[in-house]
Amino acid sequence: MSNSAKTNIVRPYGDTLDDGRVQMSFTLPVPHSEEAKEAARQLALKMGLDDPAVVHAAPMGPDFTLFVVYGQCRHSIDMDTITVDQPEFEVLDKAAIDALIADSLGRKLVVVGACIETDAHTVGIDAIMNAKGFNGHKGLESYHEVRAVNLGAQVDSADLVRRVIAERADVLLVSQVVTQKDIHVVNLRRLRQELDRAGLGQDLIVVAGGPRITHELARELGYDAGFGPGSYAEDVASFAMQEWLRRHGHQRGRQRGERP
Amino acid sequence: MKLALDQSRIDAARAAAARIARAVHAEAMTRTTVAVERATLRLFGLDGVDVDYVPLPNRVVDHLAAEGLLGHGAALPFAGAMLEHGLDVQALGEAVAQGRITLTLPRDIPAARAKARALAQTACARIRANVATREDKLESAALQRTPWLYLIVATGNIYEDITQARAAAQQGADVIAVIRSTGQSLLDYVPYGATTEGFGGTYATQENFRLMRAALDEVGDELGRYIRLTNYCSGLCMPEIAAMGALERLDMMLNDAMYGIIFRDINLQRTFIDQFFSRMVNAYAGIIINTGEDNYLTTADAYEAAHTVLASQLINEQFAALSGMAPELMGLGHAFEINPALENGFLWELAHAQLVRQVFPDAPLKYMPPTKYMTGNIFKGHVQDALFNAVGAMTGQHIQLLGMMTEAIHTPFLQDRFLGIENARYVFDTMRDLGEELSITPGGRIERRAQEVLAQAQAMLEEIEAIGLPAAIGRGQFADIARQSDGGKGLAGVVTRAEGYFNPFPELMLPESLEGGPA
């Protein structure tokens, strides 16, 4: 049945190679009953699971039922066909990033960060910008060669663009946490338009981040990179510096204070 | 389970907080704000919007500001004009909005004052009736054991919220909070009517309050329980939301003396004036406030900043007391936010939670679940929430905002809430009396940690007292965020009180012991 070793085709792994076992949980808006369980089983079949087993069904009030279902996934994936759009950079540590900035810019890298428009969540931008950082990864404020300007949350796009110009920012970090009804996409588009209107298309490196942000989405919206969960300041700073070098032809030893 | 704490330290910290709050309060009482005056008009019964959907309370207050009369307060010019023109509240509001009537200082001030008092008494009677209704319902309902299970709905659509809230109540929720649409705190007006479009939450409007209240009463009656309703009395319209909540019988309000300044960059002067009025209304309406100290721990490090939580709680307690609020209504907030990777982190969470419990023995403490270190790993998240529930059970927390294992992913699914309730009920029941059975090792790690946090909080409060609260906030002493007295949003809405400023509500709502209360 399996020639996955040769062709690199994979299926979910339960306790035996290629058994295809997966778990899932979902709710149906029906009262808890034998019919409800059968409906959940048939739904799993339609989803491509063989031998689905409804291992748990719990009434959640009179109108809803929760199901936990196991089954064997019919589908498989050829790993050789997989490509993922991701930002290209080598992750450097804080000291190496500081050294690279000192060596390449001869001045501090100016990074402006904000969570824009209606979004009131600072947790993402703080994790990257604040000196303390997150999970033991120091934030950009603690980098000697970075001037980090954290504008916090609910920053209007037009205000942000004015600030980017006033601060002469090299890098703009934009966080979006709330994603209900794709509000993050709307907000990021609006900011991109404001940036373009202000003529900040070329020089400024613009990075989006947030729990639902992927590099692919960010690129699609006209951003240079997107960072999702589990990204730290060194990831963003490494990307930003390497992107800066790409754009500026690896020029080194520029005069202090001279703008690229 | 009891920590040995130095009571003289607690007393000293509390005394410092009292002096800090009094200094700010004295300054705040020399001014009023557009929001306080709009709330006054709303309590008089003014409601509705103009053709451009601008609320009439805004129209009238803006008119008063334009006429240079706002320093006198809205009550006298408005009540005086009602007498002069023989109009009721709504008709006068509409006439002002349409430019048909220009408000002036009344010629007969004593008559206008009496009219304003009568309007205020009507509002107070309605609010007292709401309090009586709540008490009746609580009396006939099944006893709610603590910790209360507090759940959030946040669909953006009040009708969908009602479906979710009903389901949550049926699953066992004691308290339903309707999260506001993101950004509402920065609107300098309250939206009007039933709303179905919000982001990350649903607009707080009086009609939405009424709809949800009716739905929770209905499902509560079916279940033989009283389901408490919570909303957000914060942001630029803090006093107005308090008024609306009091009129529509909300039971809890998020309401913090400093949160707006620090986390929403709302002007400091504005916030201190607004929080006084809003808390006075909340206290009168028997509404439990929830303070926002949990937010310090998501911004700053939860271990290092633990003492800032206690310091802020003591300040919040003192501001609330100045608004006539009894300790039984002070839902002081804190949170379970220590990095799960920190060795013995659970011990420190226990120490912090028990410390707060002992410093505020009568307060219905609001305990917030892990958010900062929640990830897409929902399985680990469920364990984090279980440990949070264990601390809540062991330390006798009062209001437990239930953790959602999908916290880092989306606003809760119906099943996320169900699993959160199942988790909490299991832990609370299986550990029901554990806290009473355990004793904390004298001089051990947990006790030493609690003593350390208490000492740090005392030192912080003494430092704040020396420089004053505005200066301390200006230095970023809370959540590492610095705000200046003349910065932030809403300063334009702060007005110095003129000679003869009058607002009828403090003398009706404040207890006799407080300045501004009944003579």
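All of these numbers come straight from a predicted model, not from anything done at the bench. (Residues numbered from 1 in each chain as written. Chains lettered and ligands numbered in written order. Predicted model: local features only at pLDDT ≥ 70, side-chain atom pairs only at ≥ 80, totals over all residues. Heavy atoms only, no water.)

A count of helical and extended segments in chain A gives eight helices and ten strands. The C-alpha atoms of chain A give a radius of gyration of 24 Å, which is well past the 18 Å a tight globule of 260 residues would have. Structurally, chain A occupies a C-alpha span of about 75 × 50 × 35 Å along its principal axes. Put simply, 67% of the contacts in chain A that link residues at least 6 apart link residues at least 24 apart. Approximately 13,000 Å² of chain A is accessible, and the part contributed by carbon and sulfur atoms is 51%. Taking the average place of the 29 positive charges on the side chains of chain A and the average place of its 37 negative ones, the gap between the two points comes to 5 Å. (Helix = DSSP H or I, 4+ residues; strand = E, 2+ residues; numbered from the N terminus. Rg over C-alpha atoms; globule rule 2.2 N^0.38 Å. Contact = heavy atoms within 4.5 Å. Areas by Shrake-Rupley, 256 points an atom, 1.4 Å probe, with all protein chains shown as cover. Lys, Arg positive; Asp, Glu negative; His and termini not counted. Charge placed at Lys NZ, Arg CZ, Asp CG, Glu CD.)

Moving on, we come to the overall build of chain B. Summing up its helical and strand segments, chain B has 20 helices and eleven strands in all. Its C-alpha atoms give chain B a radius of gyration of 23 Å, near enough to 24 Å, the size a compact globule of 519 residues would have. Per-residue burial over chain B gives 63% buried out of 519 residues. Within chain B, residue pairs in contact and separated by at least 24 positions form 77% of the contacts whose partners lie at least 6 positions apart. Of the roughly 18,500 Å² of accessible surface on chain B, 51% is carried by carbon and sulfur atoms. For chain B, the separation between the mean place of its 43 positive charges and that of its 61 negative charges on side chains is 1 Å. (Buried < 20%, exposed > 50% of the residue type's maximum accessible area, 1.4 Å probe, protein only.)

Taken together, the contact between chain A and chain B spans 28 residues of the former and 32 residues of the latter. Our count for the contact surface shared by chain A and chain B stands at zero salt bridges. Across the contact surface, chain A and chain B share six residue pairs in polar contact (both at pLDDT 80 or more). Looking at the side of chain A that touches chain B, the elements with two or more residues in it are strand S2 (21-28) and strand S3 (49-59) of chain A. (Salt bridge = Lys/Arg side-chain N within 4 Å of Asp/Glu carboxyl O. Polar contact = N/O pair within 3.5 Å; in protein donor to acceptor, adjacent residues only side chain to side chain.)

The next thing to look at is the domain arrangement of chain A. Taken domain by domain, chain A holds domain 1 (3-80) and domain 2 (94-248). Relative to domain 2 of chain A, the C-alpha centre of domain 1 of chain A lies at a distance of 39 Å. (Domains from an automatic or database assignment.)

By the element assignment, Asn423 of chain B lies in helix H16 (residues 414-430). Residue contacts for Asn423 of chain B: discarding those within four places in its chain leaves His382, Asp385, Ala386 and Asn389 of chain B.

All names here are of chain B. Closest axis-to-axis distance for the helix H4 (residues 75-85)/helix H5 (residues 89-97) pair is 10 Å, and the angle between their directions is 105°. Classified by the interaxial angle, the pair formed by H4 and H5 is roughly perpendicular. Residues Phe78, Ala81 and Met82 of H4 form the contact with H5, whose participating residues are Val89, Leu92 and Gly93. Looking at the contact of H4 with H5 residue by residue, the classes come out as five nonpolar, one polar and no charged. (Axes fitted to C-alpha atoms, helices over the stretch in contact; angles between N-to-C directions. Parallel < 35°, antiparallel > 145°, perpendicular 65-115°, else oblique. Nonpolar A, V, L, I, M, F, W, Y, C, P; charged D, E, K, R; others polar.)

Attention shifts here to the sheet that holds strand S2 (residues 148-153) of chain B. Residue and element names in this part refer to chain B. With parallel pairing, nine strands are arranged side by side in an open sheet as S7-S6-S5-S4-S3-S2-S10-S9-S8. A strand with exactly one partner marks an edge of an open sheet, and here the two such strands are strand S7 (330-331) and strand S8 (333-335). The pairing of S2 with strand S3 (residues 175-178) spans four bridges and is parallel. By the bridge assignment for S3, Leu151 is matched with Ile176. In the packing of helix H13 (residues 306-322) onto the sheet, contacts are made with strand S6 (288-290), S7 and S8, and the angle to S8 comes to roughly 165°. (Pairing = 2+ DSSP bridges.)

Another aspect to go through is a negative patch on the surface. A cluster of acidic side chains, namely Asp85, Glu88, Glu216 and Glu220 of chain A, defines a negative patch on the protein surface. Structurally, Asp85 of chain A can be placed in the loop between strand S5 (77-78) and helix H3 (94-104). (Patch = residues over 30% accessible without salt bridge, like charges linked within 9 Å, V, L, I, M, F, W, Y side chains within 5 Å.)

This paragraph deals with the side chain of Asn290 of chain B. Within the element layout of this structure, Asn290 of chain B appears in strand S6. At 3.0 Å, the side chain of Asn290 of chain B forms a polar contact with the side chain of Lys366 of chain B.

Once that is clear, we can look at the sheet that holds strand S10 (residues 225-227) of chain A. Residue and element names in this part refer to chain A. Sheet architecture is open: five strands sit in the order S7-S6-S8-S9-S10, paired in parallel fashion. Of all strands in the sheet, those with a lone pairing partner are strand S7 (146-150) and S10, marking the two edges. Ignoring which end each strand starts from, the neighbouring axes of this sheet average 20° apart. For strand S8 (residues 171-175) and strand S9 (residues 205-209), the ladder comprises five bridges, and the chain directions are parallel. Paired with Val171 across the bridge in S9 is Ile205. Helix H8 (residues 233-247) rests against strand S6 (109-115), S8, S9 and S10 of the sheet, and its axis sits at about 155° to S9.

All names here are of chain B. Within H5, burial applies to Val89, Leu92, Gly93, Ala95, Val96 and Ala97. The inward-facing, buried residues of H5 contact helix H2 (34-44), helix H3 (56-66), H4 and helix H6 (109-140). Trailing H5 by a residue or two, Gly99 shows a phi angle of about 75°, which is positive.

On to helix H7 (residues 158-171) of chain B, then. Residue and element names in this part refer to chain B. Taking 1.5 Å per residue as the helical rise, H7 with its 14 residues ought to reach 20 Å, and the 20 Å between its terminal C-alpha atoms agrees with that figure. Of the residues making up H7, those classed as buried are Ile158, Asp161, Ile162, Gln164, Ala165, Ala167, Ala168, Ala169, Gln170 and Gln171. The N-terminus of H7 is capped by Asn157, whose side-chain oxygen sits 2.8 Å from the backbone nitrogen of Tyr159. (Expected span 1.5 Å × (residues − 1).)

Bringing the pattern of salt bridges into the picture now. All names here are of chain B. Under the counting rule described, the total for this entry stands at 37 salt bridges over all chains. With a shortest N-O distance of 2.8 Å, Asp188 and Arg38 are connected by a salt bridge. In this pair, Asp188 is assigned in the loop between S3 and helix H8 (206-223) and Arg38 in helix H2, connecting sequence segments 150 residues apart. Taking relative accessible area as the criterion, Asp188 reaches 27% and is therefore assigned partly exposed. Take Arg38: its relative accessible area is 2%, and that puts it in the buried class. The residue Glu222 makes a salt bridge to Arg166 at a minimum N-O spacing of 3.2 Å. Note that Glu222 is positioned in helix H8 and Arg166 in helix H7, a separation of 56 residues in sequence.

So, about the packing of aromatic side chains. Under the definition given, this model contains 13 aromatic pairs over all chains. With a centroid separation of 6.1 Å and an interplanar angle of 70°, the aromatic rings of Phe227 of chain A and Phe239 of chain A are classed as edge-to-face. With Phe227 of chain A in strand S10 and Phe239 of chain A in helix H8, the pair connects residues that are twelve residues apart, well separated along the chain. When its relative accessible area of 7% is taken as the criterion, Phe227 of chain A is described as buried. Clustering of aromatic rings is evident, with ring pairs tying together Tyr259, Phe263, Tyr296 and Phe478 of chain B. A cation sits over an aromatic face here: Lys94 of chain A above Tyr143 of chain A, 5.7 Å from the ring centre. A cation over an aromatic ring shows up here: Arg228 of chain B above the ring of Trp148 of chain B, its NZ or CZ 3.9 Å from the ring centre. (Phe/Tyr/Trp six-rings, centres within 6.5 Å; stacked < 30°, edge-to-face > 60°. Lys NZ or Arg CZ within 6 Å of the ring centre and 35° of its normal.)

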